[in-house]
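Inside the fold
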Amino acid sequence: MQKVAAMHERENPYYKKNFIEIAQVESMGMLEYLFQLADRFKEMYEAHDPRLGEVLKTFCIAIMFYQPSTRTYGSFSIAAKLLGAHTVEVQDMNSYSSTTKGEKLPDSAMTAAQAWLAHLIVQRHPEDKSSHIIADKLTQMGNETLVVNAGSGKLEHPTQALLDAYTIFNRLGKFDNLNVVMVGDMKFGRTVKSLATLLATVGTGNRITFIAPKGLEMPPEFIASLNEKVEIVQTDSLENLGAADVVYWTRLQKEWYEEHKLMELYDQIKDNFILTPEIAAQFSENTVIMHPLPRVNEIDERVDTDPRAVYLTEQMRSGPFIRMALLAAMLRENPFLVLQNLSSDE
Ligand code: NCD
């Protein structure tokens, strides 16, 4: 209870703000605000504490996805429900909404705000600016409905970065002075960009090595956007991974290749960047092995039971708790005080 007492005196930096870009998290203190809240919600969930369901009672949350998802969609859904919010959820907006009749994104967002009474919209969409587009429309039309970006285009997946940071912090006890290696499709992958931005913005002394096949490197404009506090290395070699604190593997984002005429490259490289037990043998004892999932074939299943691998366990399980923290922080002025008041109601 000590921690909660201190936290409820802090100003909530997320209250009544959209959450669209990871760069909005500007300090370790902002990150810790969510970590502490996530820890509290996790404890309450594990204890089957019914007061958890009071936190967002009477709030309405819309979840609208225009791209496939298993983890992000389901973890937002369960996060909202565990906190007691009402939800309207459309997992495939492209098939089951007026999008099929030609309705545009801003009108669908207005529908969530007006017809579904949403206080907050969680949206995933293939366009980079999609969250900004709906947030602008909602504001222009006088709505207070908030927007959470659950993955947009090729640049942003801010809640994935939060859960990745929470996983790293829980394993290593820090988010600074880390040697992080990211492997895979840097050109189209959005999880790596959001996590790299967070490491550069809030951490000090972090070093990131981007390992990508030739042709799928991190875009130079993205590298230029990173703060000079972070040290960046770029390579296509899987050697010298021994010093990594975190190894973050990703898949080739095949869905974009057709359009960018990269199918030939895909066939050439699809079997080259595979994490095998032999490669993992280079890592140190405390290296955290991560992957945002879905995995196709880029991590050998024999790595799954390696005690350093967290992608099928802790990393995924961080999702609902950190998302509960974010939803509560956006919708309640002082979520720590809410929890304290709920505890004193006994
Ligand atoms: C990722 C995504 O959608 O960007 N998935 C996720 O949310 N964990 C990663 C991916 O599709 O490769």
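The shown structure was predicted, so the numbers you read here are calculated from the model rather than taken from an experiment.

The five strands are arranged 7-6-5-8-9 in an open sheet whose pairing can be described as parallel. Each having just a single partner strand, strand 7 (231-235) and strand 9 (288-290) make up the two edges of the open sheet. For this sheet, the mean angle separating the axes of adjacent strands, direction not counted, is 15 degrees. Across the face of the sheet, helix 7 (residues 158-172) comes into contact with strand 8 (246-249) and strand 9 while running at roughly 160 degrees to strand 9. Along the sheet face, helix 8 (residues 191-202) touches strand 5 (179-183), strand 6 (207-211) and strand 8 and points at about 165 degrees away from the line of strand 5.

With 76 residues, the main nonpolar core has Tyr14, Val25, Phe41, Ile61, Phe175 and Met182 as its most contacted residues. Of all the elements, helix 12 (residues 314-331) adds the most residues to this core, at 10 residues. Residue contacts for Tyr14: discarding those within four places in its chain leaves Phe19, Val25, Met30, Leu31, Tyr33, Leu34, Leu326, Ala329 and Met330.

Here the focus is the sheet that holds strand 4 (residues 146-152). Read from one edge of the open sheet, four strands run 2-1-3-4, paired in parallel fashion. Every other strand in the sheet has two partners, leaving strand 2 (86-90) and strand 4 as the edge strands with one partner each. Adjacent strand axes in the sheet meet at a mean angle of 15 degrees, parallel and antiparallel pairs treated alike. Alignment of strand 3 (residues 120-125) against strand 4, held across five bridges, turns out to be parallel. The partner of Gln123 across the bridge, within strand 4, is Asn149. Against the sheet, helix 5 (residues 105-114) contacts strand 1 (60-65) and strand 3, and its axis sits at roughly 150 degrees relative to strand 3.

Reading the values: rules and limits
Residues numbered from 1 in each chain as written. Predicted model: local features only at pLDDT ≥ 70, side-chain atom pairs only at ≥ 80, totals over all residues. Heavy atoms only, no water. Pairing = 2+ DSSP bridges. Helix = DSSP H or I, 4+ residues; strand = E, 2+ residues; numbered from the N terminus. Axes fitted to C-alpha atoms, helices over the stretch in contact; angles between N-to-C directions. Contact = heavy atoms within 4.5 Å. Core = buried A, V, L, I, M, F, W, Y, C linked by side-chain atoms within 4.5 Å. Buried < 20%, exposed > 50% of the residue type's maximum accessible area, 1.4 Å probe, protein only.

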